[in-house]
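Working through the structure, step by step
Residue-level listing of the chains:
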Amino acid sequence: MLQTLNDWFWWDHLWLPRNLTWDDLKDREGIVYAKVSHLYITIFYALLLMIARRFFERYVATPLAKIMGIKEKVRLKASQNSVFENFFISFSKHPNKSQLEGLSKKSNCSVRMVERWFRRRRNQDRPSLLKKFREAFWRCTFYLLAFIGGIAVLIDKPWFYDTWEVWVGYPKQSLLPSQYWYYVIELSFYWSLLFSVASDVKRKDFQEQIIHHLATIILLSFSWCANYIRVGTLVMVVHDSSDFLLESAKMFNYAGWKSLCNAIFVVFAAVFIITRLIIFPFWIIHCTWVYPVLYFPPFFGYYFFNVMLLVLQLLHIFWAFLILRMFAKFLYSKLDGDDRSDKEESEESEDVSTAMKNGTGVRGSPSANSHHTH
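A few points on the structure. (Residues numbered from 1 in each chain as written. Predicted model: local features only at pLDDT ≥ 70, side-chain atom pairs only at ≥ 80, totals over all residues. Heavy atoms only, no water.)

**Focus: the overall build of the protein chain**
A count of helical and extended segments in the protein chain gives 14 helices and zero strands. N-terminal to C-terminal, the α/β element order of the protein chain is α-α-α-α-α-α-α-α-α-α-α-α-α-α. Put simply, the protein chain has 374 residues, and 47% of those count as buried. Sequence separation of 24 or more characterises 79% of the internal contacts of the protein chain that already satisfy a separation of 6 or more. Counting every atom, the protein chain has about 20,100 Å² of accessible surface; 64% of that belongs to carbon and sulfur. (Helix = DSSP H or I, 4+ residues; strand = E, 2+ residues; numbered from the N terminus. Buried < 20%, exposed > 50% of the residue type's maximum accessible area, 1.4 Å probe, protein only. Contact = heavy atoms within 4.5 Å. Areas by Shrake-Rupley, 256 points an atom, 1.4 Å probe, with all protein chains shown as cover.)

Laid out in structure tokens, this is it:
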């Protein structure tokens, strides 16, 4: 049964153009082809990257955060209350007015005290500023090194300048050592992101991030097995070109260096739009959709690869919308951090808001009200 499934999965016509078989891609006389067995090591390297990340965050990112003035904020913890905790876990983290009143009656606490407990409990689950900085610094470092490495791998290759060269001789294109390491390191990194997604900072586009990681892993793995390696390296370098700018902008935002953060964000927005909405669809996808049929008849792998690229393009459009919305806020001087982030609630500002709703002041200070409602 397993052998039958294996034979079906690796059926030649699924992965390769017509009239070609896996026997045509066996190593011979100094010519090496990509094999699925090469990818097994990426799981091990992903675990090594996760270990390296822990050391990096502790011994590199944390000291840098202190130098840049980022400190751990002391948070007031919610008191133990089984009634509130059960509601928080089972029903809602943001109870409405009627629910607050009901919880108030059950616990013999005032509505204000119930609100404060839920606010503190929500803040307990939110990542600290230091955690966000360390995560951004790790990703920024990897994406920057990956982009530099990608340029080094591609700078002397003809298909970097002429996408027609991507398909010359396909699929009998020998695997280069530089391509092997570029693929293995990138794929290992995305495996590590997928493995650590539960512990990383969760943002509003959490589901889109999961889809992106899975699509990237599937795309890289398939392109490797089908020997779509030349175009695969182009896809990777296009993505890495803007990612390190976004992560560096986050770092400076968390450190409170707003001017530098805004300047980098503007550069990032421009690079993202150019690479993801112009170069990727009109050069990369055009290269994989139009050129191959001039060399060989379409096959399943051809359609599958292009569908995965289109999934990535839809994600690019979604993120471009978020970026442009943030850019609009920037133009009107309202840009304050990552628009996808779940911001911590200020205890004092929340009390002011509640007091204003109830028609009362806070210590009778109109200046306090004007400051926190700005």
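**A look at the packing of helix α9 (residues 206-225) against helix α10 (residues 229-254)**
The N-to-C vectors of α9 and α10 enclose an angle of 150°; their axes lie 8 Å apart at closest approach. Comparing the axis directions of α9 and α10 gives the class roughly antiparallel. Two packed elements cross with a definite hand, and for α9 against α10 that hand is left-handed. Of the residues in α10, those touching α9 at H212, L219, L220, S223 and W224 are I229, V235, M236 and H239. Counted by class, the contact of α9 with α10 contains six nonpolar, three polar and no charged residues. (Axes fitted to C-alpha atoms, helices over the stretch in contact; angles between N-to-C directions. Parallel < 35°, antiparallel > 145°, perpendicular 65-115°, else oblique. Left-handed = near helix turned anticlockwise from the far one by under 90°. Nonpolar A, V, L, I, M, F, W, Y, C, P; charged D, E, K, R; others polar.)

**Describing the pattern of salt bridges**
On inspection of all chains with the given rule, the structure shows seven salt bridges. Of the charged contacts in the structure, one is a salt bridge between R54 and E57, with a shortest N-O distance of 3.6 Å. Highlighted residues: R54 and E57, both in helix α3 (residues 41-67), separated by three residues, approximately one helical turn. Given a relative accessible area of 41%, R54 falls into the partly exposed group. We classify E57 as buried; its relative accessible area is 10%. Put simply, D156 and K157 hold a salt bridge, and the shortest N to O gap is 2.8 Å. (Salt bridge = Lys/Arg side-chain N within 4 Å of Asp/Glu carboxyl O.)

**A short note on empty space enclosed by the protein**
Here the structure, examined in full by the defined rule, presents three cavities of 30 Å³ or more. Estimates place the volume of the second largest cavity at around 90 Å³. Residue lining of the second largest cavity: E186, Y190, H212, T216, L219, L220, V235, M236, H239, D240 and L312, and that is the complete set. Here the residues of the lining of the second largest cavity sort into six nonpolar, three polar and two charged. (1 Å grid on protein atoms, 1.4 Å probe; cavity = no way out; pocket = protein on both sides within 12 Å on 5 of 7 lines; lining within 4 Å. Points joined across faces, edges and corners; volume = space filled by probe spheres on them.)

**Here we look at a nonpolar patch on the surface**
A surface patch of nonpolar side chains, about 610 Å² in accessible area, is lined by F44, L48, I51, F55, Y59 and V60. Within the secondary structure, F55 sits in helix α3. (Patch = residues over 30% accessible without salt bridge, like charges linked within 9 Å, V, L, I, M, F, W, Y side chains within 5 Å.)

**A look at unusual backbone geometry**
Here Y170 and P171 are connected by a cis peptide whose omega angle stands at 0°. Within the element layout of this structure, P171 appears in the loop between α7 (129-154) and α8 (177-195). In this structure, N108 takes a positive phi of about 60° despite not being glycine. Along the chain, N108 falls in the loop between α5 (97-107) and α6 (111-125). For N108, a relative accessible area of 73% gives the class exposed.

**Remarks on the packing of aromatic side chains**
Applying the stated criterion across every chain yields a total of 35 aromatic pairs. With a centroid separation of 6.4 Å and an interplanar angle of 35°, the aromatic rings of Y45 and W181 are classed as tilted. Here W181 lies in helix α8 and Y45 lies in helix α3, a separation of 136 residues in the sequence. With relative accessibility at 43%, the residue W181 sits in the partly exposed group. Ring geometry for W289 and Y302: centres 5.9 Å apart, planes at 40°, overall tilted. (Phe/Tyr/Trp six-rings, centres within 6.5 Å; stacked < 30°, edge-to-face > 60°.)

**Considerations on the nonpolar core**
Counting 88 residues, the largest nonpolar core has F133, W167, W224, Y228 and F280 as its most contacted members. Mapped onto this core, the elements with two or more residues apiece are α2 (12-15), α3, α7, α8, α9, α10, α11 (258-289) and α12 (300-331). Here this core takes 13 residues from α10, the largest share from any one element. Setting aside its immediate chain neighbours within four residues, W224 contacts A34, K35, H38, L39, L175, Q179, Y180, Y183 and I229. Within the second largest apolar cluster, 10 residues are counted, among which are F87, L103, V114 and W117. (Core = buried A, V, L, I, M, F, W, Y, C linked by side-chain atoms within 4.5 Å.)

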